[in-house]
Amino acid sequence: VAAGVVALAGGVGAGKFLRGLVAVVPPEDLTVVVNTGDDLELHGLRICPDLDSVTYWLADLADRDRGWGRRDERFVALDELRALDPEAAWFALGDRDLATHLLRTGLLDGGATLSEATARIVHGLGVAPTILPMSDDRVETRLDVVADGLELDLHFQEYWVRRGARDEVKAVRFLGADAARPAPGVLEAVERADVVVVCPSNPVVSIGPILAVPGLRPAVASRPVVGISPIVGGRPLAGMADRLMPVVGLEVSAVGAAHAYDGMLDAWVVDGADAGLADRARRELGVAVAVTDTVMTDDEVAAALARTALDLVT
Ligand code: FO1
């Protein structure tokens, strides 16, 4: 099994996959680079959903059914907030999860960088692999939508959580990406990686922001790269990729998702449900393609998937 693995990660799909990847790669050889485009500021707190998802999944504290947040969570503070002001409670912060946001916000207010705050949280929860934000600079995923005939510029979480993804999306933008620098250690990890793994995350709003940080796409493209399709049988297993992929000209299929990484991929893994697309993928993408079970109902499936993915490029 490879040493020096870098995984590019978003939320739920990445979290499930990473539980398998840590079963086959020693923790000291694994660096996870995480999307921060979904991050938001609420109630004076800095919330980093994808960093937290990845950390909770690797700490085995994640809620497998909900996909985000902590297992055995309670929402007492949220209920109290809702009683005070229903409008203020649109984003569900659990009591256990709040501890993470409190620690992170305090560290950031005290002058720490997001990487430093992340390292403290990751260490505090006993997670061994390195988890890095894609950048310490703010990058915000914004969507231009049409809502009841009105053009709006929404934060990703306003589109997805507050408005329930009901608006027609016209464009996706990564505000601040042009001026963002990769977080310390990110480029170095990619440049010395034996393999870069693109987790089965949304190619538009999870992996897209990471690759939009200047320097990252060429660095990744210079290494052996394997990706896992987040689209199974023409649909995402979670999230809203089916709504956002067409906006950037990607077909909603296991082949279309790979085209998000044109010029970067050496290998691609699709689900058994998409076995019929494997030949087309090989032809169109010119990469090695494996067909296997990608629906990660437990850590064993995830570990087998991780092994299959690494075997394609090592
Ligand atoms: N997703 C929801 O659908 N509703 C929520 O209220 C919500 C709260 C939330 C709180 C903390 C956190 O880390 C994630 C949370 N998510 C929630 C998930 C999140 O909106 C997205 O799924 C990710 O940003 C996409 O990876």
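Look above for the structure.
Here is what the cut-offs are and how they apply
- Residues numbered from 1 in each chain as written.
- Predicted model: local features only at pLDDT ≥ 70, side-chain atom pairs only at ≥ 80, totals over all residues.
- Heavy atoms only, no water.
- Phe/Tyr/Trp six-rings, centres within 6.5 Å; stacked < 30°, edge-to-face > 60°.
- Buried < 20%, exposed > 50% of the residue type's maximum accessible area, 1.4 Å probe, protein only.
- Lys NZ or Arg CZ within 6 Å of the ring centre and 35° of its normal.
- Axes fitted to C-alpha atoms, helices over the stretch in contact; angles between N-to-C directions.
- Helix = DSSP H or I, 4+ residues; strand = E, 2+ residues; numbered from the N terminus.
- Parallel < 35°, antiparallel > 145°, perpendicular 65-115°, else oblique.
- Left-handed = near helix turned anticlockwise from the far one by under 90°.
- Contact = heavy atoms within 4.5 Å.
- Nonpolar A, V, L, I, M, F, W, Y, C, P; charged D, E, K, R; others polar.
- Near = heavy atom within 4 Å.
- Polar contact = N/O pair within 3.5 Å; in protein donor to acceptor, adjacent residues only side chain to side chain.

Visitor: Provide a residue-level description of the packing of aromatic side chains, including the pertinent values.
Guide: To describe a pair of aromatic rings, you give the distance between the ring centres and the angle between the ring planes. Inspection of every chain in the model, using the stated rule, returns two aromatic pairs. Here the aromatic rings of Trp90 and Phe91 are separated by 5.5 Å at their centres, their planes lie at 65 degrees, and the arrangement is edge-to-face. Phe91 carries the same exposure label as Trp90, and that label is buried. For the ring pair Tyr261 and Trp268, a centre distance of 6.1 Å and an interplane angle of 55 degrees mean the geometry is tilted. Taken as a pair, Tyr261 and Trp268 share a single burial class, namely buried. A cation over an aromatic ring shows up here: Arg66 above the ring of Trp68, its NZ or CZ 4.9 Å from the ring centre.

Visitor: Residues and numbers for the packing of helix H1 (residues 12-24) against helix H13 (residues 299-313), please.
Guide: Where H1 meets H13, the closest approach of the two axes is 7 Å, and the angle between their N-to-C directions is 70 degrees. For the element pair H1 / H13, the angle class is roughly perpendicular. Where H1 crosses over H13, the handedness of that crossing is right-handed. Counting all contacts with H1, which are made through Lys16, Phe17, Arg19, Gly20, Leu21, Ala23 and Val24, the residues of H13 involved are Asp299, Ala302, Ala303, Leu305, Ala306, Arg307 and Leu310. Here the contact of H1 with H13 is built from residues that sort into nine nonpolar, one polar and four charged.

Visitor: If you had to explain the site of the ligand to someone new, which residues and values would you point to?
Guide: Around the ligand sit 13 residues in total, of which Asp38, Asp50, Phe91, Ala92 and Gln157 are the nearest. Within the contact set of the ligand, an oxygen atom lies 2.6 Å away from a side-chain nitrogen or oxygen of Asp50. A distance of 2.7 Å separates an oxygen atom of the ligand from a polar atom in the side chain of Gln157. The set of elements that each furnish at least two residues to the shell around the ligand consists of helix H2 (49-58) and helix H6 (156-162). A total of four residues in the shell around the ligand trace back to one element, the largest contributor, which is H6. Considered class by class, the residues forming the shell around the ligand number eight nonpolar, two polar and three charged.

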